[in-house]
Structure formats: structure tokens, C-alpha cells
Amino acid sequence: MRNAIKLSVFLFFAMVQFTIAQEEEEDLGTETVTVTKAYTPTISDAFKIKSVPNLNDSIVLQKKDIEYNIFSVPVASTFTPAKAKASAVKRMPPPVLFNSYASAGGGNPANIMAKFYTSHTIDRESGYTIGLDHNSSRGDFDNLPLNNIFSDTRLDAAFKKRDRDYDWGIDLGVQHQLYNWYGTEEGFFSQPPFTNILLDVDARQNYFMAEGGAHVNFEDSYFKGAKLQYRRFWDTVKSGENRVIFEPSFDFPVGEENFGIRLKADYVNGSFANADLNNTENTAGIDYGHLQVGVNPSLTLLRDDLSLNLGINLVYGLDTQRSDSNFYIYPAVTASYRLVDELAIAYGGIEGELVQNSYYGFVAQNPFVSPTLTIQPTDNQYDSYIGLRGQLLPNLSYNIKGSYTAENRKPLFNLNPQHSTRFDEKGYTFGNSFELFYDDLKTLGIFAELNIDVNRNFTLGINGNYYNYNTETGNPAWNLPEVEGSLFLDYQIGEKWFMGANLFFVGERKDFSQIAQANTQPFDFPTTIITLDSFFDANAHIGHRLSDQLSIFVRASNIANNNYQRWANFPVQGLQVLGGATFKFDL
């Protein structure tokens, strides 16, 4: 068997050798290859192998769950932790708050001030406040023949209550003011026919005011709220005025926008027992009454950087004494756009309204008016403005605005004529009181303001206004300055001391004086133009807290001791220093 296997292997290798020899001896010859196309090799797309191949095996092994347990063996330890003591944190004492305070002070020339305020909570939803404010002076000016004492006292009280969906409240207020028409020309009572009447002149005027109001505001309601106010104002010369204002408001969502409606009814009526001082005889008094009914629909659009309010102001005005009525249409469009975050915000608008003038409002502006005024509403056709405001630094903000307004029947104050034949019950007929001159006025204004909050303890602000007036009559804008400016600062010096100051500047103004003559029209009265000098007034105060409840203060007014004239022939008091104390307590 072994020999047979050896023979078979020998024959196999012999045959292989014979075959190779035959192939080496064979002549393959030569051939010609013709290329008919240029060689353009390409690279075939590579097929990415799937990172997770599919398993097609018919047998899939299942993973077997492994269960294990940890056998915990306690180990003895010789480490004993030491007890630690928490570090003490210095806690700031909470501020001591009081619900009431009283302040009083006195100074030259016989100036007295007093204030009282309390705010008391009845329960979590309701409470009331009471406030009293008094300022008076009994000092006399040198070389002024008429008394110049004044007094202003006001008492206010309010009650408020809040429920889950609404809040309401009532307000009450009374006020008494005492002023004197002391502004006569120098040497006036030394000239005939006034040389013998000085002792009989009573130039004292008393004003009285009583008002009450109520308001209600609703949450999650189309009816947002309403305000109602009534005011009675009168004096000691048989003048009286009533005014009622009612203002409801509604808001309706319109998609992503808000549609609002503001309604207003404003009625004022009153009478003066004496005739206008442009008349040389005191024959008949003056009655007036004006009703305004207005509706102001508006659509508010809010976007990321844009706030736009599109509205219109429709007003019906009725003069109840003359039975004369008019319908007014005013624009009410405002917008603001954030240009660069808080750095620059552009804003602008054009608005108009029918301004309801009143005896009370004119006395608040100029207490030396005569009780012989002609009261008319002002047609403020439009007030257009554009401005830029923002924060240059976290503690530095600015505001720049340009405006142009057009007003019809703009009330301007000017001196009443001097009368030598008309002697009313009170002494306001000697060119020492003011009347109203209505003119159509267009005003171009520029305003700039800068506020600096250095820190929580120091703030500083400065602002200025420039006005250019154009009147329909061609007269100056009586008693309106072209330039105004002010500066204020407050500084908290440590925990005990505090101080502040305010300075203001008012530019030149124009007025005129007249001498009334019998059988002569008022525009033919002898007239003299008066130029009131510009003035600068500086005021400052400093105080010290003796305790959480008691502090003392000193105030200085008109530090430059400048007896300037805010109104023609009415100089103000010079340097005034007043000291006092404030006490806080719980009532």
C-alpha cells in the first residue's frame, strides 16, 4: 500500500513538469493594439460601511440579566470629627418705618411753615391718609404802602379700599389762601387823586376751596374705571365757581393690540360780582359757563422696539351763557422707537385738546389776578413734538425735545389799567392786579435735560427751555419768558446728614401798564411797555438726623438776596432763612 502511494505521487509531479515544458516551448507571436479613445480613468464611489450592521442571522443570542447584591460589612473608624462653629454674619437692622410725621419751622421775615401727614391701615384691604400743609409770612417790604402778608393752608384726606378684582377710593380737600394786591408803582399814593385814600384801601384777598372726588378701577374687565371730581372755589369779593369732571374709560383687546376709549364730561360755571376793569364804571358783573363732552378712541400697537398709539380726540364745546357751540377734532398720535437698546429712544407725537380754563386754575398760576376775569376755554389745535432720550451711562440719562404748538385764545396775564374814578370794594383798581388777554399763539420750543445719579446718595439734574413766540396780534407774548432753566441736587452725607439745592433762571418778560380814561376805548388808553428783568434764584437746605424719629433742618431761600419781580410791580422777599424740626411717629 505504501509503494502504491509513492508511485501515484511520482506520476503526478511528472505530468505537471511535462505540461510546463510544453507551454514554454510554444511561440505566442506579436499583435497590434489600436486605441480609439483617450484614457479617462474614473474613481468609483465608495460605499460607507454602516456603523451598525443589520443582523440577518436566524439565531440571535439574548442577553442574560445579571442580578447582584452588595454585602456591606461595617468597618471600625478611629476618626472623630470636631464640632464646628458657624461664622457670625453681621445683619443690617431693618429700616424703622413710621406712619406719621410732623414738621414745623420759622424764620425771617416772620415766615412760618407747618406740615403733618399720617397714613393708617385699617386692614389688609383698606386705609386712609390725612395731610396738612401751611406756609405764611407776615413780613413787610420797605417802601411799599400796602400790606404784603400771605398765607396758604391746605388739608387733604383720602380713603382707599382694594378687593380682588377692583379698587375704589374717595378724596376730600379744603384750602384757604390769603394774598394782598401790594404791587403799586413807587410813589403812586403820593400823586393826586390818590393822596388821601391810602388809609381806606383794603387790598386783602381771601380764596377758599373745597373739593371732593371718587374713583374706581377694575381688573380683567372691559370697563377699566372712572373718576368723578367736584370743586367749589370762591373769594371774599362775591366771586364763585363750580366745576364737575367725570372721566370713564374702556379697554378692548383686538388681536394682539389694545383698543381704548376715554370719555370726558367737564362743566365749569361761575360769576364775578364786579365788572371788567377795562370799564371805567363798575356797572354789571360777569357770568360764565362752559360745557365740554369728549371722546378719545385710540389703538395701541406694541412691538419689540416700537410703541405706537393712534387716536383722535373729538370734543363738543358749549358756551352756556351765549348759547354758542362748536365741534373740535384733534389729533392724538404718539410713538416711541428703541434705536439702540436703552442708549437712544426716539419719540414723537402730535396731540391737541380743548383746555378748560377756570378761576381756580388762574389763581394757582397768578394769585394777584383781579376778581373781574373773562373765562374762556383754550383751543389747543396741536402740540407736535419729536425728541430723543436714553442713558449714556448706567447713571447718566438725557432727554432732548423740539416742539411746535398752535393755540387759539391763549390766556396771557397783563396788568389791569389804573383807575382814578372807580373805587371798588377791594383795592385792586390801582394797576396792582392782573387781567387776562387772549391771543392766538404759535410757539417753537427746544428742551434739553440731563440727570446724573452718581450713587444712591447723590443725584444731580439740569434742564433748560427756549421758546420763540408768534402772536396773531403782533404783540409780545405777555409775561412769557423766552428762556428758562433749572438745576437741582440732593446729597445724602453719611447716615446722619443730608442736603439739597435748587436753582432756577427765568429770562426777560414783557408787560404793559395803562391809565383808564372816561369815554375812551380800552385800546386807546395811554399805554407804557414794561420790561421785566431776568432773574436767578438759588435755594438750599441742610439737615441732621438726631435719631430715627427726630431731625432738624435749615433752609435758605433767595440766597442771592435779589428782590426781583416775578410779576410787574410785585417784588419778592429777599434772603430768607428758616429753621425747623421733623418728628416721625406712629399714630
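Residues numbered from 1 in each chain as written. Predicted model: local features only at pLDDT ≥ 70, side-chain atom pairs only at ≥ 80, totals over all residues. Heavy atoms only, no water.

## Considerations on the overall build of the protein
Here is step 1 of the chain: Helices and strands together make up the secondary structure of the protein, namely two helices and 26 strands.
Here is step 2 of the chain: The buried share of the protein, taken over its 587 residues, is 34%.
Here is step 3 of the chain: Taking the contacts inside the protein whose residues are at least 6 apart along the sequence as the reference set, 59% of them involve residues at least 24 apart.
Here is step 4 of the chain: Split by element, the accessible area of the protein, about 37300 Å² in all, is 57% carbon and sulfur. (Helix = DSSP H or I, 4+ residues; strand = E, 2+ residues; numbered from the N terminus. Buried < 20%, exposed > 50% of the residue type's maximum accessible area, 1.4 Å probe, protein only. Contact = heavy atoms within 4.5 Å. Areas by Shrake-Rupley, 256 points an atom, 1.4 Å probe, with all protein chains shown as cover.)

## Considerations on the pattern of salt bridges
Here is step 1 of the chain: By the definition in use, this model includes 15 salt bridges.
Here is step 2 of the chain: With its nearest N and O atoms 2.6 Å apart, the salt bridge here joins Arg 338 to Glu 342.
Here is step 3 of the chain: For Glu 342, a relative accessible area of 43% translates into the label partly exposed.
Here is step 4 of the chain: What emerges from the salt-bridge pattern is a single network uniting Arg 154, Asp 156, Glu 211 and Arg 231. (Salt bridge = Lys/Arg side-chain N within 4 Å of Asp/Glu carboxyl O.)

## Looking at the environment of Asn 326
Here is step 1 of the chain: When you line up the elements, Asn 326 lands in strand E12 (residues 324–340).
Here is step 2 of the chain: Of the residues examined, Asn 326 reaches a relative accessible area of 39% and is grouped as partly exposed.
Here is step 3 of the chain: Separated by 10 residues in sequence, Asn 326 and Tyr 316 have C-alpha atoms that sit 6.0 Å apart.
Here is step 4 of the chain: The residues touching Asn 326, leaving out its near neighbours within four places in the chain, are Val 315, Tyr 316 and Gly 317.

## Focus: the pairing of strand E3 (residues 126–137)
Here is step 1 of the chain: In this structure, strand E2 (residues 111–121) lies alongside E3, joined through 11 bridges in antiparallel fashion. Across the sheet, Thr 118 pairs through a bridge with Ile 130, a residue of E3.
Here is step 2 of the chain: Counting the residues in the hairpin turn of E2 and E3 gives four residues.
Here is step 3 of the chain: Taken together, the 12 bridges between E3 and strand E4 (residues 150–162) define a ladder with antiparallel strand orientation. The residue of E4 that forms the bridge with Gly 127 is Lys 160. (Pairing = 2+ DSSP bridges.)

## Concerning a nonpolar patch on the surface
Here is step 1 of the chain: Together, Tyr 491, Ile 493, Trp 497, Ile 542, Val 554, Ile 559, Leu 575 and Val 577 make up a nonpolar patch on the protein surface, roughly 640 Å² of accessible area in all.
Here is step 2 of the chain: By the element assignment, Ile 493 lies in strand E18 (residues 483–493). (Patch = residues over 30% accessible without salt bridge, like charges linked within 9 Å, V, L, I, M, F, W, Y side chains within 5 Å.)

## Some details on the side chain of Ser 249
Here is step 1 of the chain: Mapped onto the elements, Ser 249 comes out in strand E8 (residues 240–254).
Here is step 2 of the chain: Among residues more than four places away in sequence, those in contact with Ser 249 are Tyr 222, Phe 223, Lys 224, Gly 225, Ile 261 and Arg 262.

## Quick word on the confidence of the model for the protein
Here is step 1 of the chain: Looking at the protein as a whole, its pLDDT mean stands at 87, while 84% of the residues score no less than 70.
Here is step 2 of the chain: Across the protein, helix H2 (residues 359–365) holds the top mean pLDDT of 97, while helix H1 (residues 2–25) sits lowest at 52.
Here is step 3 of the chain: Here residues 19–26 is a poorly scored stretch, pLDDT under 50, and it has zero contacts once near neighbours within four places are set aside; other chains count. (pLDDT = per-residue confidence, 0-100.)

## A few points about the packing of aromatic side chains
Here is step 1 of the chain: By the definition in use, this model includes 37 aromatic pairs.
Here is step 2 of the chain: Ring geometry for Phe 188 against Phe 430: centres 5.8 Å apart, planes inclined by 55 degrees, an arrangement best described as tilted. Taken together, the residues Phe 188 in the loop between strand E5 (166–180) and strand E6 (204–218) and Phe 430 in the loop between strand E15 (396–415) and strand E16 (434–455) connect sequence positions 242 residues apart.
Here is step 3 of the chain: Look at Phe 188 and you get buried, because its relative accessible area is 4%.
Here is step 4 of the chain: An aromatic cluster is built from Phe 150, Tyr 179, Tyr 182, Phe 362, Phe 368, Phe 413, Phe 434, Trp 567 and Phe 570, whose rings are joined through pairwise contacts.
Here is step 5 of the chain: Lying across the ring of Tyr 347, Arg 389 places its NZ or CZ 4.7 Å from the centre. (Phe/Tyr/Trp six-rings, centres within 6.5 Å; stacked < 30°, edge-to-face > 60°. Lys NZ or Arg CZ within 6 Å of the ring centre and 35° of its normal.)

## Considering the environment of Asn 108
Here is step 1 of the chain: Of note, Asn 108 is situated in the loop between strand E1 (100–107) and E2.
Here is step 2 of the chain: Along the primary structure Asn 108 and Ser 137 are separated by 29 residues, whereas in three dimensions their C-alpha atoms are 8.5 Å apart.

## Here's the deal with the layout of surface pockets
Here is step 1 of the chain: Quantified by volume, the largest pocket comes out at close to 1100 Å³.
Here is step 2 of the chain: Forming the walls of the largest pocket are 41 residues, and the residues nearest its centre are Phe 150, Ser 557, Val 572, Gln 573 and Gln 576.
Here is step 3 of the chain: Considering only residue class, the lining of the largest pocket consists of 20 nonpolar, 15 polar and six charged.
Here is step 4 of the chain: As a volume, the second largest pocket reaches approximately 710 Å³.
Here is step 5 of the chain: Lining the second largest pocket are 20 residues, and of these Pro 95, Val 96, Glu 495, Arg 545 and Asp 548 lie nearest its centre.
Here is step 6 of the chain: For the lining of the second largest pocket, a count of residues per class yields eight nonpolar, six polar and six charged. (1 Å grid on protein atoms, 1.4 Å probe; cavity = no way out; pocket = protein on both sides within 12 Å on 5 of 7 lines; lining within 4 Å. Points joined across faces, edges and corners; volume = space filled by probe spheres on them. Nonpolar A, V, L, I, M, F, W, Y, C, P; charged D, E, K, R; others polar.)

## Some points on unusual backbone geometry
Here is step 1 of the chain: A cis amide bond links Asn 108 with the next residue in sequence, Pro 109, at an omega value of -10 degrees.
Here is step 2 of the chain: Relative to the helices and strands, Pro 109 resides in the loop between E1 and E2.
Here is step 3 of the chain: Residues other than glycine seldom take positive phi values, yet Asn 479 does so here, at roughly 60 degrees.
Here is step 4 of the chain: Within the secondary structure, Asn 479 is located in the loop between strand E17 (458–471) and E18.
Here is step 5 of the chain: Residue Asn 519 is not a glycine yet carries a positive backbone phi of 60 degrees.
Here is step 6 of the chain: Here Asn 519 lies in the loop between strand E20 (509–514) and strand E21 (527–532).
Here is step 7 of the chain: The class for Asn 519 is exposed, based on a relative accessible area of 84%.

## Observations regarding the pairing of E2
Here is step 1 of the chain: Across eight bridges, the pairing between E1 and E2 is antiparallel. When the sheet's bridge partners are listed, Gly 106 is paired in E2 with Ile 112.

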